[in-house]
Amino acid sequence: MTDSPLSVLVRGRGAREHAIARRLADSASVANVIVSPGNPGMALSDAIALEPEPLSPDCLRSIGVDLIVSAGTDPTPAGATHKDKAKPRIGLVAASDRAAAEFEENRLTAKEHMLQVGIPTPRFHHAAEAAIANSMVEEMDHAMAIKACAPISGRRVFVCATPQEGRAALESLSERGAFREKGALLEEALTGVEVSMVVMTNGRDFSTLPPVWLFSRGAGAIAPHPRVDAEALHAIEREIIQPTIDFINLQQWEYRGFLTFRTIVTERGPFLLEYAVQIGDPEAQALMPLLDGDLGEVLAALAAGAVPDITVRAESACAVELTASNAGVRETGTRHLSDVGAPAEPVPLYGDVRISDDALVVAGPRVATIVGMGETLDAARTAAYRRVLSLNYPGQQYRRDIGGAPIAGEMLEEGEHFAPQFARRGGVLPVIVQHEETGEVLMLGYADLAAIRETQRTGRATFFSTSRKRHWTKGETSGNWLEVSAIQVDCDQDALLYRVRLHGSGVCHTTNKSGEPRRTCFYRVLGDEIGEGKDTADGPFSLLFLPDLA
């Protein structure tokens, strides 16, 4: 253990940094975890503090940072003094040498390194101009991966099977400035098993974390990879990882951090697709819960130049990560998150969220990730999907087939966990109110999570008024209140039934001819013509049904 408890600064704002911060908070060697700038979802944990950027020298001194963990190329915050820069620090990417960052920031440079060192990588062509790229696409006779060389906003990689798909990919990249930067790579698309390998290295030695199975566009991950054997892993280390570390050492780059190798294992052996000069996202989210020991001690040793051995909790342990994303990010309006998960369940790792009216709301495309743990893949999948069903918001999306056949629908309909689907109903669920003894349907209301919890707490029917935009308990003004004996949930978990006892004369805000509140809001019957029913305190009367004038 370190001589004294560490104060650790994690720089970043996404779910990856949330995963690392939570793992550090569980480390005995760490006294304080500060994330800058972080996001308000992280601050739901008392063990994590947030500091806004830019971090001033005074702020750094006041929080007394011992270790800096950063996803930036230089983990030292802007404005830091010489004394601050002398603090032990570890980058989630290369610690200080800009040359190493070219592995990720320029795919063409990375490819040239691979060829120079003899690392197997798919065949490729570089197109500096859009016109050249389009002419290459027109002549393509096999599947092709089209990649922006430099970082740009949005999607950087497209796998295309036809010239039409290739043209669409190039148009997307061109619109976002790929050809104003370093152009694009047109790479042979290989068939095989994709494996993401994360190593911790000081630029000379390395220690390997469990292999990760990534799903397209960051939709999810599984660790350890269930479809790759020891022989393939040894081949990746021998032919890809070790030559890369040897190259870094030869270049005398200062590199104390993580390096991610995204590879594909084919019938011809492993090929390197790309580097991530960092611990990958979502690799970090899947890997952090698997690691055994004290992460603070491990990173402190790495910052000092050592490469400690990395151990995992158990050989059979498995982590399944799901990314909850956001459809219609350009839509106007505030979209609140609701979470009915139990405290003991996996904690959502938040990304693109903000605070509005003291509540978490959607603030971008990658809202949160959920990591389910289990002794088997099936157990981990079940834990992940059960938890993601408890977290919902308008526009929520997540991939249903991470690690196997879709199970979320069956879990929602047959499972034993309450997972109200507020997002399907615009943020509130319809509530049918039925008299427990007579079976009468008395009224229809709406409830959000707060209304449901208040109903459970008091035993009195509480709703959310969609017109007044506030919570209200039935009878708070009229005195006619509803005692709730049971709350039932429909098969899709997007509607509720309150079974109640009526205390008072009626529930409706309208009154009969005697001036008494009607017993039920459903006091009219839809018919083809006006019926003989009379307007009484309890009995219905018929309502004219207008014919189809067409």
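Up top is the structure.
Rules and cut-offs
- Residues numbered from 1 in each chain as written.
- Predicted model: local features only at pLDDT ≥ 70, side-chain atom pairs only at ≥ 80, totals over all residues.
- Heavy atoms only, no water.
- Core = buried A, V, L, I, M, F, W, Y, C linked by side-chain atoms within 4.5 Å.
- Buried < 20%, exposed > 50% of the residue type's maximum accessible area, 1.4 Å probe, protein only.
- Helix = DSSP H or I, 4+ residues; strand = E, 2+ residues; numbered from the N terminus.
- Contact = heavy atoms within 4.5 Å.
- Polar contact = N/O pair within 3.5 Å; in protein donor to acceptor, adjacent residues only side chain to side chain.
- Salt bridge = Lys/Arg side-chain N within 4 Å of Asp/Glu carboxyl O.
- Axes fitted to C-alpha atoms, helices over the stretch in contact; angles between N-to-C directions.
- Parallel < 35°, antiparallel > 145°, perpendicular 65-115°, else oblique.
- Nonpolar A, V, L, I, M, F, W, Y, C, P; charged D, E, K, R; others polar.

A. Spatial organisation of the nonpolar core. Membership of the largest hydrophobic core comes to 39 residues, with the highest contact counts inside it found for Val8 and Leu24. When residues of this core are traced back to their parent elements, those giving at least two are β1 (6–12), α1 (15–25), β2 (30–37), β4 (67–70), β10 (193–201), β13 (220–223), α9 (283–287) and α10 (295–303). The greatest single-element share of this core, amounting to six residues, is contributed by α10. Apart from the residues within four sequence positions on either side, Leu24 is in contact with Val8, Val10, Val30, Val33, Leu295, Gly296 and Leu299. Judged by nonpolar contacts, the second largest core, of 29 residues, contains Tyr350, Val353, Val362 and Ala380.

B. Spotlight on helix α5 (residues 107–117). Every buried residue of α5 is accounted for by Arg107, Leu108, Thr109, Ala110, Lys111, His113 and Met114. The N-terminus of α5 is capped by Asn106, whose side-chain oxygen sits 3.0 Å from the backbone nitrogen of Leu108. With its phi angle positive at about 90°, Gly118 sits one or two positions after the end of α5.

C. Examining the pattern of salt bridges more closely. Using the criterion set out here, one finds 22 salt bridges in the structure. Glu17 is the partner of Arg16 in a salt bridge, and the nearest nitrogen-oxygen pair spans 2.9 Å. Residues Arg16 and Glu17 agree in their burial class; the two are buried.

D. Just the packing of α1 against α10, in detail. Packing of α1 against α10 brings their axes to within 8 Å, and their N-to-C directions diverge by 110°. The orientation of α1 with respect to α10, classified from their angle, is roughly perpendicular. Between α1 and α10, the contacting residues are Ile20, Arg23 and Leu24 on the first element and Leu295, Gly296 and Leu299 on the second. The residue makeup of the contact of α1 with α10, split by class, is four nonpolar, one polar and one charged.

E. Quick look at the environment of Thr438. Looking at the secondary structure, you find Thr438 in the loop between β24 (429–435) and β25 (441–447). The exposure class assigned to Thr438 is partly exposed, which follows from its relative accessible area of 48%. Sequence-wise, Thr438 and Arg501 are 63 residues apart; in three dimensions their C-alpha atoms are separated by 9.7 Å. Within polar-contact distance, the side chain of Thr438 engages the side chain of Glu440 at 3.0 Å.

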